[in-house]
Amino acid sequence: MKILITGGGTEEPIDTVRSICNSSTGRTASFLAKSLSESGHSVTALMAERAIKPEQSKTLSVKTFKSFQNLSDSIENLCKTEQWDLIIHAAAVSDFSVGTIEMNGKLFHPGDFSKISSDSEPVIRLKKNPKIVDSIKNWCGNNAEKTTLIAFKLTSSATTEERKKAVDKVFDSTGRTVSSPDFVVSNDLSEINNNLHPCTIWHKNGNIVKRTQTLEELADFLKQEVKDKL
């Protein structure tokens, strides 16, 4: 089976030395990529430059991205040029990128200067990024129905109801059509530690199909999903 997995967090540039980023380490994606490749599957791990990365092998190749646009362009290219049986979109994608930077009443864009002076007081205006997960199956084209898409949704100290709403939002953004993810893996930052990584796995029909407590259990679920496609 051919598997694409994304992991780590995007960095949105302010200037050449500063950026807006998130705390994602890529640990989950790296673990899953290694586990699936060790089971004999052909895995491509598309990882953030600063993320933890799995070691490359005969069955595991690693590519990198930095910004939202880098990640979006890379996934689009991979989906349009190769056929994937399973895509696991676990990257932490920034909801916003830097739109303009105002200094002394004048507007600039990221890249207009190498480094903002520490004496200045810039006003940074953000622009909303589109949801990459909404486009992945469209990028797969005629292969979309043959590709299982698994999205991740991380919340932080959310209630059960809030987590369900967050998951529904991922599914419903495309109206639960062929473009929707087939599964969403829901987890909450408050429950994750070195030993436990609780996840609830939702199917697009609205049902919970599995609850796991560790990354090992999550990897086992994914391996079974792959087996079911054979």
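Because the structure is a prediction, the values reported are computed rather than measured.

Visitor: I'm lost on the packing of aromatic side chains in this one. Help?
Guide: Between two aromatic rings, the relevant description is the distance of the centres plus the angle of the planes. Inspection of the entire model under this criterion finds 2 aromatic pairs. Measuring from centroid to centroid gives 5.8 Å for phenylalanine 183 and phenylalanine 221, while their planes differ by 85°, and the two rings are edge-to-face. Pair noted here: phenylalanine 183 is in strand 11 (residues 183-188) and phenylalanine 221 is in helix 5 (residues 215-229), with a separation of 38 residues, a long-range link. Of the two residues, phenylalanine 183 and phenylalanine 221, neither departs from the other in class, the shared state being buried. Over the ring of tryptophan 84 we find lysine 2; its NZ or CZ atom is 4.9 Å from the centre of that ring.

Visitor: In this structure, what is going on with the nonpolar core? I would like to understand it.
Guide: The nonpolar side chains of a soluble globular protein tend to be buried with one another. Residues Ile5, Ile75, Ile87, Ile88, Ile136, Phe152 and Leu218 are the most contacted members of the largest nonpolar core, which totals 52 residues. When residues of this core are assigned to their parent elements, the largest contribution, 6 residues, is made by helix 5. Other than its neighbours up to four places away in sequence, isoleucine 87 contacts Leu4, Cys79, Ile136, Cys140, Thr147, Thr148, Leu149 and Ile150.

Scoring rules and cut-offs
Residues numbered from 1 in each chain as written. Predicted model: local features only at pLDDT ≥ 70, side-chain atom pairs only at ≥ 80, totals over all residues. Heavy atoms only, no water. Phe/Tyr/Trp six-rings, centres within 6.5 Å; stacked < 30°, edge-to-face > 60°. Helix = DSSP H or I, 4+ residues; strand = E, 2+ residues; numbered from the N terminus. Buried < 20%, exposed > 50% of the residue type's maximum accessible area, 1.4 Å probe, protein only. Lys NZ or Arg CZ within 6 Å of the ring centre and 35° of its normal. Core = buried A, V, L, I, M, F, W, Y, C linked by side-chain atoms within 4.5 Å. Contact = heavy atoms within 4.5 Å.

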